[in-house]
Amino acid sequence: MAENVKELLKLHEGLTHEVYLDNENSSIVPLEVLEAMQPYWNKKAYGNPTLTHKPGWEAFETIMNCFGKISTYIGAKNLEELTFTPGETEANNLAIQAAAFLQKDHGKKIIISEIEPISVLQVAELLSKFGFTTTKIPVNSDGFINLEKLKEAIDKDTILVSMASVNNEIGTIQPIKEAVDIVKDKNPQTLFHTDASDAYGRIPLNVQNLGVDLATLSSFKIQGPRGMGALYVKGDLNLHRILEGSIGTQRLWPGIENTPLIVGFTKASELAFENFEANTTKMRTLRDKLVEGIFTELSNLRLNGPKDNKRSPDNANISILRAEGEALTIELSLSGVYVSSGSACSRRLLQPSHVLIAIGRIFEEAHGSILMKTTRYHTEDDISYVLSVLPTAVNRIRGIVGSTGVH
Amino acid sequence: MSRIPLPYNPKIMDLFRNPKNLGKMEDATVIAVAGNPACGDMITFYLKIDDTKQTIEKAQFESYGCAANIATSSIVTEMIKGLTIEQAWNNITWQKVTEEIGGLPSVKFHCGVLAVGALKRALRQYFTQKNIAAPSWLPHELTFEEKQALEEEELAKTLSKKQKPEAET
C-alpha cells in the first residue's frame with residue numbers, strides 16, 4: 001500500500017500548475033492564517049485557559065476574543081452562545097443528540113431533509129435506535145426543500161428540525177427563515193438546527209434574524225485549519241453535553257481548548273468577513289468562468305443545483321455523462337487538478353451521492369458528477385489552467401467508454 | 001461517498017493511462033457486455049475467434065468505469081490472446097486476473113469479477129451464436145463471475161425502478 005502511494009505520487013512529478021478545487025473535503029490553509037496561528041503554539045497563550053498562570057490567562061483572553069468575533073459574524077446575542085468543536089461533524093452530533101435528549105419527554109420526531117450532510121443523516125439514524133423517529137422532507141430538482149411537506153410533517157411530537165442553510169454538494173441556498181417560521185408557527189416547542197458550514201462566509205448569515213436555535217460552522221470550509229468548527233446554541237437553551245470530561249471555558253465541549261486552531265478559524269473568519277462582498281464576488285466570478293468554460297468545451301453535461309443567485313457563489317457540480325467520476329478524478333489529478341466525485345464506484349455499497357439521487361438525477365449522472373468549489377484564493381490563471389486540461393481528461397475517459405452501453 | 005483510500009499499484013495505473021487493446025473491433029466474432037452504467041461499471045469485450053483452431057486471435061475492450069475496471073478489462077484482453085476457447089475458459093478466473101494485475105484494493109475485487117464475467121459470457125455466446133453444440137468442458141451452470149455480473153445487472157434494474165421518475169419541480 002505505502003509503496004503504491006509512493007509510485008502514485010511519482011506520476012505527479014513535474015506538474016507545472018496545481019489547482020485544488022476539492023474544498024468540500026479539505027482545504028489549503030493560506031499563509032496569512034498560518035502566520036496568525038504560529039505564535040500560539042509556543043510563544044504565547046499555550047496554557048490551559050482555565051488555569052491560574054500567565055500562559056493560561058493569555059489563552060483565556062485569546063479564546064474569549066475569538067468567541068466574540070465569531071459570534072459577531074453570525075449575529076449571535078453574546079459570545080456564550082458559541083461552542084468550539086473539533087469540526088462540523090462534531091458540532092452536528094452535539095446539536096442533534098443534545099437537542100433530542102433535551103426534548104425526549106416532549107416528543108420523538110426528528111425532521112431533516114433528504115439532502116442533509118452525512119453527519120446529520122447518520123446521527124438521525126443512530127437516534128432512531130433509541131426510540132426517536134426520522135422524517136425526511138423531499139426536495140425539488142434544484143434541491144430546494146418542499147416547504148408544504150415540511151408544514152404537513154410538523155406535529156406535536158416534533159422536537160427537532162435540521163436543515164442545512166446551503167447544501168454542501170449542489171450549493172442550494174435554502175429558505176431557512178421561511179422554514180423556521182413554518183416550524184415555529186405550527187409548534188413553537190420544536191427546535192431548529194441548521195448546518196451553516198457551507199453558508200458561513202458565502203452568504204449573509206444572521207442566526208437571530210433566521211430564528212434558528214442551533215447552527216453549525218466549519219473552519220476548513222472558509223480556509224481555516226481542519227479540526228475546528230463551532231456550534232451556535234441560542235442563549236436560553238439548556239442543552240447537555242454529549243461527551244464527558246473536564247470542563248474548561250465551554251460547558252458543552254469538555255477537554256482542553258485548542259487555542260492555535262481557534263485563532264486560525266477566527267483569522268480565516270476575519271479574512272472572509274472583512275471583505276465579504278469582494279470575496280464572494282471573486283468566488284462567483286471564478287466559479288462562473290469555470291462552469292461556462294466547461295459547458296463551452298464539452299457537451300452531454302448537466303449542471304446539478306440551481307443556476308442563479310439561489311446558488312452558493314463557490315459551488316460547481318456538473319454531471320459529465322459517459323464518463324465515470326472516479327476515473328475522472330484520477331485523470332485530472334495526473335494533470336494537477338484536484339476535484340471530488342459523487343460516484344459510488346464500490347460494489348454492493350452502490351451509493352452514489354444521495355443528494356444527486358434526491359434531486360432526481362439518474363445513477364449514471366451521479367456516477368459521472370464532479371464537485372468543485374472556488375475560494376477567494378483562486379486566480380483567473382487557475383481557472384484557465386483547469387479549462388485547459390479538463391476537456392482533454394474528459395475526452396480521454398469518454399474514449400475508453402467508446403460505445404459501451406450504447407448498443 | 002466511498003472514503004476508502006485507493007492506492008492503486010503501478011500496473012493498474014499504467015493500464016489506466018495506456019490501456020492495451022482498447023476500442024471497438026469491427027470484425028469481432030463475438031461481442032459481450034456485462035454490468036450496467038447505473039452501477040458505474042460496464043464492460044464490452046470484442047473477440048475475434050479462429051473457427052477452425054477455436055483460438056482467440058484478437059481481443060479488445062471498451063469500458064465505462066473506474067481505473068480498476070479499465071485496467072482489469074485491459075489485462076484480460078492481454079491474458080487471453082492466443083489461447084484456445086477452452087484454455088481461456090479454464091484458466092481465467094477473477095483471482096488470476098487480480099494476481100496478474102498485482103493486486104486490487106478489496107473494494108475493487110468486483111472489477112476483476114465483472115471483467116471475467118464479461119469474458120465468460122463472450123465465450124459461451126460463441127457457441128450459441130455459431131449454433132455449435134456446447135463442448136463437454138463447458139458447464140451448463142453459470143460460473144461465479146457470470147452470476148455476479150447477472151446479480152449486478154439485476155441490482156441496477158431494481159435501483160432504476162426505485163428511483164423516482166422525475167423530482168418535483
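Residues numbered from 1 in each chain as written. Chains lettered and ligands numbered in written order. Predicted model: local features only at pLDDT ≥ 70, side-chain atom pairs only at ≥ 80, totals over all residues.

Novice: Please provide a residue-by-residue account of the overall build of chain B, values included.
Specialist: Within chain B, the regular secondary structure consists of 6 helices and 3 strands. Counting from the amino terminus, chain B carries its helices and strands in the arrangement α-β-β-β-α-α-α-α-α. In terms of overall dimensions, chain B is globule-like: its C-alpha atoms have a radius of gyration of 16 Å, near the 15 Å expected for 169 residues. Taken over the C-alpha atoms alone, chain B extends approximately 60 × 40 × 30 Å along its principal axes. Taken over 169 residues, chain B has a buried fraction of 44%. (Helix = DSSP H or I, 4+ residues; strand = E, 2+ residues; numbered from the N terminus. Rg over C-alpha atoms; globule rule 2.2 N^0.38 Å. Buried ≥ 20, exposed ≤ 12 C-beta atoms within 10 Å, placed from the backbone.)

Novice: I'd like a description of the overall build of chain A, backed by residues and values.
Specialist: Check the secondary structure of chain A and you find 15 helices and 13 strands. In terms of overall size, chain A behaves like a compact globule, its C-alpha atoms giving a radius of gyration of 22 Å where 407 residues would be expected to give roughly 22 Å. By residue count, 51% of the 407 residues in chain A fall in the buried class. Within chain A, residue pairs in contact and separated by at least 24 positions form 72% of the contacts whose partners lie at least 6 positions apart. (Contact = placed C-beta atoms within 7 Å.)

Novice: Tell me about the pairing of strand S4 (residues 133–137) of chain A, and please be specific about residues and values.
Specialist: Residues and elements named next belong to chain A. Looking at chain direction, strand S3 (residues 109–113) and S4 are connected through 5 bridges and run parallel. Across the sheet, the residue bridging to Ile110 is Thr134, located in S4. Handedness of the crossover joining S3 and S4 through helix H6 (residues 118–127) is recorded here as right-handed. (Pairing = 2+ DSSP bridges. Right-handed = clockwise from strand over helix to strand, strands pointing away.)

Novice: Account for the interface of chain B and chain A, naming residues and giving values.
Specialist: Taken together, the contacts link 38 residues of chain B with 34 residues of chain A. Among the elements of the structure, helix H1 (10–17), strand S2 (41–50), strand S3 (55–64), helix H2 (67–80) and helix H6 (144–162) of chain B are those that each provide at least two residues to the side of chain B that touches chain A. Element by element, the count of residues in the side of chain B that touches chain A is highest for H6(B), at 4 residues. When the residues that make up the side of chain B that touches chain A are grouped by side-chain class, the tally is 21 nonpolar, 11 polar and 6 charged. (Nonpolar A, V, L, I, M, F, W, Y, C, P; charged D, E, K, R; others polar.)

Novice: Tell me about the nonpolar core, and name the residues and values.
Specialist: Within the largest apolar cluster, 85 residues are counted, with the highest numbers of intra-cluster contacts made by Ala99(A), Ile110(A), Leu214(A) and Tyr232(A). Domain assignment of the residues forming this core places at least three in each of domain 1 (2–21 + 276–401) and domain 2 (32–274) of chain A. Residues contacting Ala99(A), with those up to four places away along its chain left out, are Leu160(A), Leu191(A), His193(A), Leu214(A) and Leu239(A). Core analysis: the second largest hydrophobic core is formed by 72 residues, Leu390(A), Ile400(A), Val30(B) and Leu119(B) among them. (Core = buried A, V, L, I, M, F, W, Y, C linked by C-beta atoms within 7 Å. Domains from an automatic or database assignment.)

Novice: How would you sum up the sheet that holds strand S9 (residues 301–303) of chain A? Please name residues and give values.
Specialist: Residue and element names in this part refer to chain A. Reading across the sheet, the 4 strands line up as S9-S10-S13-S12 and stay open at both edges, with antiparallel pairing between neighbours. Bordering the open sheet on either side are S9 and strand S12 (340–341), each of which pairs with just one other strand. Here strand S10 (residues 315–320) pairs with strand S13 (residues 369–373) via 5 bridges, running antiparallel. Following the sheet pairing, Ala316 is matched in S13 by Met372.

Novice: Which residues make up the pairing of S2(B), and what values go with them?
Specialist: Here is the key point about a regular strand: its side chains alternate between the two faces of the sheet. All names here are of chain B. Among the 10 residues that make up S2, 8 are buried, leaving the element largely enclosed by the rest of the structure. The sheet contact formed by strand S1 (residues 30–36) and S2 spans 7 bridges and is antiparallel. Bridged to Val30 within S2 is Leu47. Following S1, the chain reverses through 4 residues before pairing antiparallel with S2; Gly40 in that reversal takes a positive phi of roughly 75°. Examined bridge by bridge, S2 and S3 share 9 bridges and lie antiparallel to one another. Each residue of the ladder has a partner; that of Ile49, found in S3, is Ile56. Hairpin remark: S2 followed by S3, antiparallel, with 4 residues in the connecting loop; positive phi at Gln54, about 55°.

Novice: Account for unusual backbone geometry, naming residues and giving values.
Specialist: All names here are of chain A. The phi torsion at Gln223 lies on the positive side, around 70°, for a residue other than glycine. Inspection of the secondary structure assignment puts Gln223 in the loop between strand S7 (214–218) and strand S8 (229–233). Here Gln223 falls in the buried class, since 22 other C-beta atoms lie within 10 Å of it. Backbone geometry places Arg322, a non-glycine residue, at a positive phi of 60°. By the secondary structure assignment, Arg322 is in the loop between S10 and helix H12 (325–333).

Novice: So what's going on with the packing of H12(A) against helix H15 (residues 380–401) of chain A? Residues and values would help.
Specialist: Residue and element names in this part refer to chain A. One can describe the packing of H12 onto H15 by two numbers: an axis separation of 9 Å at closest approach and a directional angle of 135°. With respect to each other, H12 and H15 are oriented oblique. Taken as a pair, H12 and H15 cross one another with a handedness that is right-handed. Across from Ala327, Leu328, Glu331 and Leu332 in H12, the residues of H15 making contact are Leu390, Ala393, Val394, Arg396 and Ile397. Residues belonging to the contact of H12 with H15 are distributed by class as follows: 7 nonpolar, no polar and 2 charged. (Axes fitted to C-alpha atoms, helices over the stretch in contact; angles between N-to-C directions. Parallel < 35°, antiparallel > 145°, perpendicular 65-115°, else oblique. Left-handed = near helix turned anticlockwise from the far one by under 90°.)

Novice: Go over the confidence of the model for chain B with me, naming the residues and quoting the values.
Specialist: Across chain B, the average pLDDT comes to 91, with 93% of residues at or above 70. Interface predicted TM-score (ipTM) for the complex: 0.92; the corresponding pTM is 0.94. (pLDDT = per-residue confidence, 0-100.)

Novice: Would you mind going over the domain arrangement of chain A in detail, with residue names and values included?
Specialist: Residues and elements named next belong to chain A. Looking at chain A, the domain boundaries give domain 1 (2–21 + 276–401) and domain 2 (32–274). Here the C-alpha centroids of domain 1 and domain 2 sit 28 Å apart. Each side of the interface is counted separately: domain 1 has 22 residues, and domain 2 has 19 residues. Those elements that provide at least two residues to the side of domain 1 that touches domain 2 are helix H11 (276–297), S10 and helix H13 (354–358). Here the side of domain 1 that touches domain 2 takes 3 residues from H11, the largest share from any one element.

Novice: Let's hear about the sheet that holds strand S5 (residues 158–162) of chain A: which residues, and what values?
Specialist: All names here are of chain A. Taken in spatial order, the 7 strands line up as S2-S8-S7-S6-S5-S3-S4 in an open sheet, and their pairing is mixed. In this open sheet, the two edge strands, each paired with only one partner strand, are strand S2 (82–85) and S4. Strand-to-strand twist across the sheet, computed as the mean angle between neighbouring axes with direction ignored, equals 20°. The pairing of S5 with strand S6 (residues 191–195) spans 3 bridges and is parallel. Note on S6: the bridge partner recorded for Val161 is Phe192.

Novice: Which residues make up the packing of helix H4 (residues 54–73) of chain A against helix H10 (residues 259–274) of chain A, and what are the values?
Specialist: Residue and element names in this part refer to chain A. The geometry of H4 relative to H10 is characterised by a closest axis approach of 10 Å and an angle of 35° between their N-to-C directions. Crossing handedness for the pair H4 and H10: left-handed. Seen from H4, the contacting residues are Ala59, Thr62, Ile63, Cys66, Lys69, Ile70 and Tyr73; seen from H10, they are Thr259, Ile262, Val263, Thr266, Ser269, Glu270 and Phe273. Looking at side-chain class alone, the contact of H4 with H10 contains 8 nonpolar, 4 polar and 2 charged residues.

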